[in-house]
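A closer look at the structure
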Amino acid sequence: MPYPLDLRNKTFDLKKFKLKVLFFCFYKDKIIKRCILTGMALLSSTAGMAALKIFLLLVGFVLLVKGADFFVDGASGIAKKLKISTFIIGVTVVALGTSAPEAAVTIVDAVGGSGELIVGNILGSNIINVLLILGLSAVICKLPVEKTTRFIDLPFLIFISVLFVVLGSIGWTFEWWEGLILILLYCAFMAYNIVLAKRQSKIGLENPSAVSVADPCAPQEETLTKWQRFKAFYDKLKTKVWFLIILTVVGLGMVVGGAQLVVTSAQYVAEDLIGIEPEIVALTVVAFGTSLPELVTSVSAARKGDVGIATGNIIGSNIANILLIGGLGAVCSKNGLLFSTEGLISGLVSLAAAVLIFVCSFGKTKSLTRVAGIIMLVGLVGYYVFVFVNYYALHLY
């Protein structure tokens, strides 16, 4: 006799339920095997692979956005704990973190490959960093430029941009000793920032900030919702140095991993599904994809008001691209790092972008305004229009 159990006007038959359980237990291996085979068949089909790539593309974007939030929270928290400028954290720790994927790819390509794409990747990334990322960040909010940045960091970026073009134009190859010069210059730049950070930290310790006082109007713990309690617990953890370090590392991992998912999935969708030519994919999807860590980090920092990280990330990343990644590529390459006419054009555009930041930072407000951001974005559009027109019609190089 069945045991009735009223669930939404349905009855529950215990005997039938027992039979179904026994059936599953007896045939579970075959059922699991059939599910696996069905899943593999779906993935092997075009529709299944397309669905998987689109899903991974969405997962990549989620990892990018949330990872950038964690990364910026951790980096800015460390800067506050050490009582140093967020710009220095941005130009060193954040810039090195977001440039780590390019450095790894450069070493692998230089040692095992031809190294033909290294210079284009460096200069193309620098152009996008300034014209797109810094321009977009400036449109979101005004980016003040510190005095030391205007008189030291930006002139140094212009100097090494000129040096990179000049060294590449001599013989159209970067020799190992030229790469060594670039690496030594980067070590000197990092040493300068470490000294500056220690000086700022010492000043911060001599002038401690005021102790915060609890807001009497804030809601009591008993009246907080679960989300408010979780947020309060998260904010409390952000006062711990060990948690800030974990937050920075986890956020960086999410940003880098999300960028890889977005690039590989977007390449599949563009080439295999839509049918776009590989050269155009390299100029668009791959070029923008390699700059995704810098993009999401700077935009997230600008949205949160951490303008020091937003500007420091881009300037530091461009310096790291030229000196560290370019130097490693030249040192690790067997026959030197090739420099072509395309590299010369891109190098001059990258130099013009660095000069544009320098000029815009000396306005009345000593900051990159929304107008400056719009000029950068228009410059990016003009550059890509020229690239596509030359590729399809002019064939100048």
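Rules used throughout
Residues numbered from 1 in each chain as written. Predicted model: local features only at pLDDT ≥ 70, side-chain atom pairs only at ≥ 80, totals over all residues. Heavy atoms only, no water. Helix = DSSP H or I, 4+ residues; strand = E, 2+ residues; numbered from the N terminus. Buried < 20%, exposed > 50% of the residue type's maximum accessible area, 1.4 Å probe, protein only. Axes fitted to C-alpha atoms, helices over the stretch in contact; angles between N-to-C directions. Parallel < 35°, antiparallel > 145°, perpendicular 65-115°, else oblique. Left-handed = near helix turned anticlockwise from the far one by under 90°. Contact = heavy atoms within 4.5 Å. Nonpolar A, V, L, I, M, F, W, Y, C, P; charged D, E, K, R; others polar. Core = buried A, V, L, I, M, F, W, Y, C linked by side-chain atoms within 4.5 Å. Phe/Tyr/Trp six-rings, centres within 6.5 Å; stacked < 30°, edge-to-face > 60°. Lys NZ or Arg CZ within 6 Å of the ring centre and 35° of its normal.

Time to look at the environment of Pro155. By the element assignment, Pro155 lies in helix H5 (residues 147–169). Owing to a relative accessible area of 28%, Pro155 belongs among the partly exposed residues under this scheme. For Pro155 and Val355, which are 200 residues apart along the polypeptide, the C-alpha to C-alpha distance reads 8.5 Å.

This paragraph deals with the packing of helix H4 (residues 118–140) against helix H10 (residues 292–304). Where H4 meets H10, the axes come as close as 9 Å, and the angle between the chain directions of the two elements is 20°. Judged on the interaxial angle alone, H10 and H4 are roughly parallel. Note on packing geometry: the crossing formed by H4 with H10 is right-handed. For the pair H4 and H10, contact is made by Asn129, Ile133, Leu136, Ser137 and Ile140 and by Glu294, Leu295, Ser298, Val299 and Ala302, respectively. Residue composition of the contact of H4 with H10, by class: six nonpolar, three polar and one charged.

This brings us to the environment of Leu57. Along the chain, the position of Leu57 falls in helix H2 (residues 46–82). Placed 204 residues apart in sequence, Leu57 and Leu261 show a C-alpha to C-alpha distance of 6.1 Å. With near-sequence residues (within four places) excluded, Leu57 lies in contact with Val262, Ser265 and Ala266.

Our next topic: the nonpolar core. Counting residues in each nonpolar core, the largest one holds 76 residues, and the members touching the most others are Leu143, Phe164, Phe174, Ile319, Leu323 and Leu368. Per-element tally for this core: the top contributor is H4, with twelve residues.

This brings us to the packing of aromatic side chains. Taken as a whole and judged by the stated rule, the model has twelve aromatic pairs. Their ring planes at 0° and their centres at 5.4 Å tell us that Phe156 and Phe189 sit as a pair that is stacked. In this pair, Phe156 is assigned in helix H5 and Phe189 in helix H6 (residues 176–206), connecting sequence segments 33 residues apart. One exposure class covers both Phe156 and Phe189, and it is buried. Considering the side-chain rings of Tyr186 and Phe189, the 6.3 Å spacing of their centres and the 40° angle between planes classify their relative orientation as tilted. Here the residue Tyr186 and the residue Phe189 both occupy positions in helix H6, the gap between them amounting to three residues, near one helical turn. Through successive ring pairs, a cluster of aromatic residues spans Phe156, Phe159, Tyr186 and Phe189. For Arg150, the ring lying beneath its charged end belongs to Phe362, and the centroid distance is 5.7 Å.

Remember, this is a structural readout, not a statement about activity or role.
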